[in-house]
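Listed below, chain by chain, are the residues.
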Amino acid sequence: MKKAFAIATILTLGIALSYGTTSATALRGIVIDAVSGQKISAATVSIVGTGLGGTTNLDGDFQILFVPAGTYDLRITCDGYETKMEKGVIVGERGIVEVEIRLMISSLNEYRIDDMIVSADRVLSTEAAVLAERQLAATIGDAISVEMIAKSPDASSSDILKRITGLSIVDNKFVFIRGVTDRYNSTSLDGVAVTSTDTDSDRKSFTFDIIPSNLITATSVVKAATPDLPGDFSGGLVQIRTLEFPSEPLLKASMSTSCDNEASTRGFFTSQGGGKDWLGYDDGSRDLPAGVTGNDLARVLPNNWTLRGLKAPLNASYSLTAGNNHLIGSSELGYIAALMYRSNYQAVDFIERPTFRGFPLFSFEGTRFQHSVLSSGLLNLNYRLSSAHKFSLRNNFIRSGEEKISVSSGLPVSGEFTERQTIEWDQRRLYLFQVSGDHTFSGVRNIGVAWRGYYGDSKASEPDRRHVEFEEGVWRTFKDNYRTWSRLNEVSRGAGVDITVPIGGTTAKTGWLGEGRERTFGIDAYSTDPSTVRAPNYDLLVLPIETVFSPEHYGSKMFTFLPVTVFTGEYDASQRLAAWYAMLDRAFQTKLFRLRIVGGARSEHWRQQVNTVKAIDDPEPFTAAIDKTDLLPSAALTLSPVPSLNLRLSYNRSVNRPEFREMANVLYYDLDKTQNVLGNPNLRRAAIRNYDARIETFIGDGELIAFSWFYKDIEDAIEEKLMPAPERYTRTWFNSPTGKNTGWELEIRKTLGFLGRFFDRFSIAGNYTRVNSWIEYKDARTNELGEQIVTVAERPMQGQAPWTANASFMYTELRWGTSVNILYNRLGRRLDAVGDTRDEDVYEESRDLVDLAVNQSIGDRLDVKFTVKNLGRKNVAFTSGPFAETYSTLSRSSVISLSFSYMF
């Protein structure tokens, strides 16, 4: 709370300062072809004698901040063009100077750059800037800009990511890339690795639903690694960048409202929660009382099982962003701060009908009422001591809370009609602090040094989760029930340094990274035992839920409150990573083409230990540990026959490591999926060989055509599995000996101006990914003679979708400030969970998603956006068995929203 208060205080002070100081002097301009007038991207603009400079984006624009008053000469260089000197550019004491520079094509197709320092902040918020960065990148990757985010209905980073080539989102949280599950991907937030922290579904992948889209400037996905990137991803590395520093005073307020058709047109249930639920955390009313046990504990616990009906309010979201930069003598200080709050109501109808060997385990239908709250804060500071030395400080604070109430009825294993009710409160918190520096030493061969250190604190808990069942026979009888308290705390620390040394036409780079994580998890579980009820108290068994758990009903010949030993395990875990790398980056320029080669190796020593106490009745500790050193070579080649065309080849080795929860032998009951969850202490880390190729052409301003091919060879692939049990399946993890994943991607971004002048306002964007994967396994079957026959068989990789498709059709009228965007998303039938046999495999069926976004600017300060998500109201369906029988379904309604943003 103190950290959140500090961020809010600094934001308030920043808003007050926003209007007291003007921005630093800036030099802006555009670089174009002198003959054709075409805008030139990737041109280098340097101010002679100062060490200041910048690079043009795909619009040909550049910006150089913090230029002292005076008269300067500019040097402009670009592949295929003659170097030009623009002399006598006058910069005053204040304000912005704009210039236009025209370049001539070089007759020799070669150029020479003298040694110099180029120091400038990149502008990455526009789609053109993101494509320019992608064009100049050393390896294969994709990205989406804040400009495109603003023209879509996406409210969180999970919505954004599904628009990127080869990506799909599962459970609205977890990102699957090129057909492999979230566990084969990594995520960094402002350069720092982050993972999920959730008590019921701890995943390697970050839960992207907790990052609001309005705090993001760009989201990129690196699909082929270089030695300076982490070695524990195979599908992709998702890099999320939060707001950067403005070049002028900024103060922006936004608000939006929306409605979920299912939640808004019916009654909505909430529980007797805490007074601070609206802030996303419990006020202590759900805490487990200390020092009390047995029936005494049951008597002091609140009897808060009664549901309250209401009409769901409209969803709402509010945000405030402020920023500026200030000259302090000969240095510069910049900052940006933001606060965001969101409240969302959703009602989801569901059906659960899992089967085992063709026979149903149970069948339930019901509704889950979900109310989620998200609040976040961001504060980024930047101090430029000189053109060669910059220091940055970043703070990100995210808090989320969600109440889930599930009401259902159906037939359990016993076959007696049963009614169920579950009340959950799930809260998460993430605080990430990072300090970094970038330095260039012009007196020592222009050596560059970049360093960083970070601290992360993440917490998750489910206090007072309540589940109860009533059996409908002659009487409505009280049956099974659980009351649990779980908590998870994790602390991470890390530091790293990268050193870049120019050696002639080659850049050598080396670096070190050290990271550490510590985690503790525990759960307390209790149950009211109805078997201890004796005469004359049998009427207790038929009491309604409002009174059955009253304090006076516990004691002799009445209910007994007992710990549930099977769900009371705990674990503590630690992880250490030490990584070193060395790489060379060399570019060759000839009369016919430009060639860039990046290669080297990375060494990672990784040690993880998980200490488990299985349950309170099995206190014998058990330790699972992995200690591995991996050498991970990589090489990337980029051939450019012309500046707008890249031919890329890449190879790298990577690993995939088990998470803490996956190795912890602790049983957890996932009430949302009606499954047990159990770790596997014998898991091994997976090793992957990755091969990639891509041809991409940047055919015009903001236009692109790209085709990619990939192949992955996986040893000891880690997958999820469903194991049959008497009452419900148990979800766990296991290693498959070998796996392979191959496929191709096609991406197109194109304006329709070639059809005529009128169509200049229209543009299309689309991508398609086709994936084939297979896992080899031993299939044991019994023949007609009763003999067991073992053969090697193949199946798809768990989590793999055979294809994904995205499309966007956009109309933009700049004179009116209007844009209309229709977006489409679909992925193929996906293997969600592996069963004991192929008849027990669970698949998520394909569905169409169509979204609409209409943006309208009113004047220079007000923006209005109207969106509709899931226009067709397509549901999520899971099937299993040879005839694709219904395993479970989740309803999904349309969400209509209206938002306003005002720039002061």
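All values reported here derive from a predicted model rather than from experimental measurement. (Residues numbered from 1 in each chain as written. Predicted model: local features only at pLDDT ≥ 70, side-chain atom pairs only at ≥ 80, totals over all residues. Heavy atoms only, no water.)

1. A short note on the overall build of the protein
(1) Moving on: Tallying secondary structure elements over the protein gives seven helices and 48 strands in all.
(2) Moving on: Burial analysis of the protein (904 residues in total) assigns 55% to the buried set.
(3) Moving on: Taking the contacts inside the protein whose residues are at least 6 apart along the sequence as the reference set, 70% of them involve residues at least 24 apart.
(4) Moving on: Here the protein displays about 37200 Å² of accessible surface, and carbon together with sulfur accounts for 58% of that area. (Helix = DSSP H or I, 4+ residues; strand = E, 2+ residues; numbered from the N terminus. Buried < 20%, exposed > 50% of the residue type's maximum accessible area, 1.4 Å probe, protein only. Contact = heavy atoms within 4.5 Å. Areas by Shrake-Rupley, 256 points an atom, 1.4 Å probe, with all protein chains shown as cover.)

2. Let's talk about the sheet that holds strand 5 (residues 70-77)
Across a sheet, paired strands are connected by hydrogen bonds in the backbone, their directions being either parallel or antiparallel.
(1) Moving on: Taken together, the four strands give an open sheet; going across it, the order is 3-2-5-6, and neighbouring strands pair in antiparallel fashion. Each edge of the open sheet is held by one strand with a lone partner, namely strand 3 (52-55) and strand 6 (84-91). Strand after strand, the sheet turns through a mean of 20° between neighbouring axes, direction not considered.
(2) Moving on: Note: strand 2 (residues 44-47) against strand 5, four bridges, orientation antiparallel. Considered in strand 5, the bridge of Ser-46 is made with Arg-75. (Pairing = 2+ DSSP bridges. Axes fitted to C-alpha atoms, helices over the stretch in contact; angles between N-to-C directions.)

3. Focus: the pattern of salt bridges
(1) Moving on: If you walk through the whole model with that rule in mind, you get 44 salt bridges.
(2) Moving on: Note that Arg-299 is salt-bridged to Asp-296, the shortest N-O span being 2.8 Å. One end of the pair is Arg-299 and the other is Asp-296, both in helix 6 (residues 294-300) and three residues apart, which spans about a single turn.
(3) Moving on: For Arg-299, a relative accessible area of 34% puts it in the partly exposed group. (Salt bridge = Lys/Arg side-chain N within 4 Å of Asp/Glu carboxyl O.)

4. Some points on the confidence of the model for the protein
(1) Moving on: In the predicted model, the protein carries a mean pLDDT of 82, and 83% of its residues have values of at least 70.
(2) Moving on: Least confident of the elements in the protein is helix 1 (residues 2-17), whose mean pLDDT is 39; most confident is helix 6, at 94.
(3) Moving on: Within the model, the stretch residues 1-24 combines pLDDT values under 50 with 46 contacts to residues more than four positions away or in other chains. (pLDDT = per-residue confidence, 0-100.)

5. Structural notes on the side chain of Ser-880
(1) Moving on: Of note, Ser-880 is situated in strand 46 (residues 876-880).
(2) Moving on: Of the residues examined, Ser-880 reaches a relative accessible area of 4% and is grouped as buried.
(3) Moving on: Residues in contact with Ser-880, not counting those within four places in the same chain, are Thr-355, Asp-839, Asp-841, Val-842, Glu-885 and Tyr-887.

6. Brief notes about the side chain of Thr-484
(1) Moving on: Structurally, Thr-484 can be placed in strand 26 (residues 476-503).
(2) Moving on: With residues up to four places along the chain from it excluded, the contact list for Thr-484 reads Glu-462, Pro-463, Asp-464, Arg-465, Ile-523, Asp-524 and Ala-525.

7. Observations concerning the packing of aromatic side chains
(1) Moving on: A complete count under the given rule lists 27 aromatic pairs for this structure.
(2) Moving on: Measuring from ring centre to ring centre gives 4.1 Å for Trp-305 and Phe-549, while their planes differ by 15°; the resulting arrangement is stacked. Here the residue Trp-305 occupies a position in the loop between helix 6 and strand 17 (308-311), and Phe-549 occupies one in the loop between strand 27 (506-529) and strand 28 (560-563), the gap between them amounting to 244 residues. For the pair Trp-305 and Phe-549, one class covers both residues: buried.
(3) Moving on: An aromatic cluster is present here, built from Trp-305, Phe-470, Phe-478, Trp-485, Tyr-526, Phe-549, Tyr-554, Phe-559 and Phe-561 joined pairwise through their rings.
(4) Moving on: The ring of Phe-364 is capped by Arg-420, whose NZ or CZ atom sits 3.7 Å from the centre of that ring. (Phe/Tyr/Trp six-rings, centres within 6.5 Å; stacked < 30°, edge-to-face > 60°. Lys NZ or Arg CZ within 6 Å of the ring centre and 35° of its normal.)

8. Some remarks on the nonpolar core
Soluble globular proteins tend to pack their nonpolar side chains together in the buried interior.
(1) Moving on: Of all hydrophobic cores here, the largest spans 27 residues; its most connected members are Tyr-184, Phe-521, Tyr-571, Val-610, Met-663 and Ile-714.
(2) Moving on: Elements represented by at least two residues in this core include exactly strand 27, strand 29 (570-589), strand 30 (594-613), strand 31 (622-640), helix 7 (660-663), strand 35 (686-700) and strand 36 (703-723).
(3) Moving on: One finds Val-67, Tyr-72, Cys-78 and Val-99 within the second-largest nonpolar core, a separate group that totals 21 residues. (Core = buried A, V, L, I, M, F, W, Y, C linked by side-chain atoms within 4.5 Å.)

9. Some points on unusual backbone geometry
(1) Moving on: In this structure, the amide linkage connecting Ala-535 to the following residue, Pro-536, adopts the cis form with an omega of 10°.
(2) Moving on: Despite not being glycine, Asn-870 shows a phi value in the positive range, around 60°.

10. Points about the pairing of strand 27
(1) Moving on: The pairing of strand 26 with strand 27 spans 21 bridges and is antiparallel. By the bridge assignment, Val-497 is partnered in strand 27 with Trp-512.
(2) Moving on: Turn length for the strand 26-strand 27 hairpin, with the two strands adjacent in sequence and antiparallel, is two residues, and the turn residue Gly-504 shows positive phi of about 65°.

11. Some thoughts on a nonpolar patch on the surface
(1) Moving on: A cluster of nonpolar residues, Tyr-691, Ile-695, Ile-699, Ile-705, Phe-707, Trp-709, Trp-744, Leu-746 and Ile-748, forms a patch on the protein surface that exposes about 720 Å² of accessible area.
(2) Moving on: At the level of elements, strand 35, strand 36 and strand 37 (730-751) are the ones that each hand at least two residues to the nonpolar patch.
(3) Moving on: With respect to the element layout, Trp-709 can be found in strand 36. (Patch = residues over 30% accessible without salt bridge, like charges linked within 9 Å, V, L, I, M, F, W, Y side chains within 5 Å.)

12. A few points about the environment of Arg-873
(1) Moving on: Relative to the assigned elements, Arg-873 resides in the loop between strand 45 (862-869) and strand 46.
(2) Moving on: Each C-alpha atom of the pair Arg-873 and Asn-261 lies 9.5 Å from the other, and the pair is 612 residues apart in sequence.
(3) Moving on: Once residues lying within four places of it in the same chain are set aside, the contact partners of Arg-873 are Asn-261, Glu-262, Arg-892, Ser-893 and Ser-894.

13. Here we look at the pairing of strand 37
(1) Moving on: Note: strand 34 (residues 675-678) against strand 37, two bridges, orientation parallel. Along strand 37, the bridge assignment pairs Val-677 with Arg-731.
(2) Moving on: Note that strand 36 and strand 37 share 19 bridges and pair antiparallel. Note that in strand 37 the partner of Tyr-711 across the bridge is Thr-742.

14. A few points about the environment of Leu-831
(1) Moving on: Of note, Leu-831 is situated in strand 42 (residues 830-833).
(2) Moving on: Classification of Leu-831 by relative accessible area gives buried; the value is 0%.
(3) Moving on: Note: C-alpha distance between Leu-831 and Pro-802 (29 residues apart in sequence) is 9.3 Å.
(4) Moving on: Leave out the neighbours within four places in its chain, and Leu-831 touches Arg-795, Pro-796, Met-797, Gln-798, Gly-799, Gln-800, Asp-841, Val-842 and Tyr-843.

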